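# Fold and contact review
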Amino acid sequence: MDTFRDKVAIVTGGASGMGRAVCEGLGRRGARLVVVADVQAAGAGQVAAGIDRAGGKARAVGLDVSNEAELRKTIEQTFAEQGRLDYLFNNAGIGIAGEARDMLPEHWKRIIDVNLFGVLNGTLAAYPLMIRQGFGHIVNTASLAGLIPGPVEVGYALTKHAVVGLSTSLRMEAAPLGVRVSVVCPGIIDTPIFETSLLVGNVDRRELNRRIKSGFTAMNSEKAGKAILDGVEKNRAIIVFPGHARVLWWLHRISPSNLNFVARKFLEDFHKSRMPT
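### A closer look at the overall build of the chain
The helix and strand tally for the chain stands at ten helices and eleven strands. Principal-axis analysis of the C-alpha atoms places the extent of the chain at approximately 55 × 40 × 35 Å. The 277 residues of the chain split such that 53% are buried. Taking the intrachain contacts of the chain between residues at least 6 apart in sequence as the baseline, contacts between residues at least 24 apart amount to 73%.

See below:
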């Protein structure tokens, strides 16, 4: 299928992990232009250069999605220059892990600004343009933590549940206007977020990551990027992967108490990863 051929796409958080994989996948699938947007401008530039070398066409933009004016400017300029905007992947996000009792007000504000308002800023800028042209697809990255409870990542789960609610509700309003909306809810993916997440509560990062990854098989970013693009191509409302994520989501929908064992394991792993004060 040529779903992405000759299309214009913007991907936030495109310098690494799933965002990078999506950008590279769009390039391989014939996109007219891939705008690689990331707060890490140098990394975005490297991804864009790689896409160009591989025969695609990309442009790098350094921006912080929590800055509404910056993100809106990028979206509106791309639309004006290209005459269209086919896809917006609101993928940028951060992680903060720790028990709610240890989180400070600035922790809550930062994760909401990036993970929720970053998605909302992009959506509010692109949605009117897509309505005007009569087509387009907004793809918001949430998480499995937006579908099931997420102990020791309460702030993260808060934002991801909100992104799921935004996306699934807007999808209903947008469909009659020709605009599609999907939400991506991955489980454990091997991305840099494990190394860049802020940890609160005096936790040994290496030990915590070891325990988390020992419980589930992490999917690599390249396979995750393909799963996202395949799901978008099929216009799935909620794109859940890999297998363990689909199983946990299914169990939760049958009965939320089914996941009590997962919550207990996360808490135990976190407590065992604490370092002596």
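### Some thoughts on the nonpolar core
Generally speaking, soluble globular proteins have nonpolar side chains that are buried together. The biggest cluster of nonpolar side chains holds 27 residues, and the ones touching the most others in it are Leu-26, Val-34, Val-36, Phe-89, Ile-228, Val-232 and Phe-241. Of all elements in the fold, only strand 1 (8-12), helix 1 (17-28), strand 2 (33-38), helix 2 (41-53), strand 4 (87-90), helix 8 (221-233) and strand 11 (238-241) reach the threshold of two or more residues within this core. Leu-26 has contacts with Phe-4, Ala-9, Val-11, Ala-31, Val-34, Phe-89 and Leu-229, leaving out every residue within four places of it along the chain. In terms of nonpolar packing, the next biggest core, distinct from the first, is built from 25 residues, Ile-10, Val-114, Met-130 and Ile-138 among them.

### A closer look at unusual backbone geometry
The omega torsion across Phe-241 and Pro-242 is -10°, close enough to zero to call that bond cis. Here Pro-242 shows up in the loop between strand 11 and helix 9 (243-254). The residue Asp-6 is not glycine, and still its phi comes out positive at about 65°. Of note, Asp-6 is situated in the segment before strand 1.

### Concerning the pattern of salt bridges
Applying the stated criterion across every chain yields a total of twelve salt bridges. Of the charged contacts in the structure, one is a salt bridge between Asp-230 and Arg-29, with a shortest N-O distance of 3.0 Å. Of this pair, Asp-230 sits in helix 8 while Arg-29 sits in the loop between helix 1 and strand 2; the two residues are 201 residues apart in sequence, bridging distant segments of the chain. Note on Asp-230: relative accessible area 19%, which makes it buried. For Arg-110, the salt bridge goes to Asp-64, with nearest N and O atoms at 4.0 Å. With Arg-110 in helix 4 (residues 105-133) and Asp-64 in the loop between strand 3 (58-62) and helix 3 (68-82), this residue pair connects regions lying 46 residues apart in the sequence. By relative accessible area, Arg-110 is classed as partly exposed at 38%. Three or more residues are tied together by salt bridges with common partners; here these are Arg-29, Lys-226, Asp-230 and Glu-233.

### Here's the deal with the packing of helix 1 against helix 8
Contact geometry of helix 1 with helix 8 gives a least axis separation of 8 Å together with a crossing angle of 60°. Looking at the two axes, helix 1 sits oblique to helix 8. Viewed along their axes, helix 1 and helix 8 form a crossing whose handedness is right-handed. Residues Gly-17, Met-18, Ala-21, Val-22, Gly-25 and Leu-26 of helix 1 form the contact with helix 8, whose own contacting residues are Ser-221, Glu-222, Ala-224, Gly-225, Ile-228 and Leu-229.

### Structural notes on the side chain of Asp-86
Along the chain, Asp-86 falls in the loop between helix 3 and strand 4. A distance of 2.8 Å separates a polar side-chain atom of Asp-86 from the backbone nitrogen of Val-8. In this structure the side chain of Asp-86 is engaged in a polar contact, spanning 2.7 Å, whose partner is the side chain of Arg-84. In this structure, Asp-86 is in contact with Lys-7, Val-8, Met-130, Phe-135, Gly-136 and His-137, ignoring residues within four places of it in sequence.

### Looking at the side chain of Glu-153
If you trace the backbone, Glu-153 turns up in the loop between strand 6 (136-141) and helix 5 (154-174). Here Glu-153 is buried and forms no salt bridge, its nearest opposite-charge partner Lys-160 lying at an N-O distance of 9.5 Å. In this structure, Glu-153 is in contact with Ile-96, Gly-98, Ala-145 and Phe-266, ignoring residues within four places of it in sequence.

Calculation criteria
Residues numbered from 1 in each chain as written. Predicted model: local features only at pLDDT ≥ 70, side-chain atom pairs only at ≥ 80, totals over all residues. Heavy atoms only, no water. Helix = DSSP H or I, 4+ residues; strand = E, 2+ residues; numbered from the N terminus. Buried < 20%, exposed > 50% of the residue type's maximum accessible area, 1.4 Å probe, protein only. Contact = heavy atoms within 4.5 Å. Core = buried A, V, L, I, M, F, W, Y, C linked by side-chain atoms within 4.5 Å. Salt bridge = Lys/Arg side-chain N within 4 Å of Asp/Glu carboxyl O. Axes fitted to C-alpha atoms, helices over the stretch in contact; angles between N-to-C directions. Parallel < 35°, antiparallel > 145°, perpendicular 65-115°, else oblique. Left-handed = near helix turned anticlockwise from the far one by under 90°. Polar contact = N/O pair within 3.5 Å; in protein donor to acceptor, adjacent residues only side chain to side chain. Lys, Arg positive; Asp, Glu negative; His and termini not counted.

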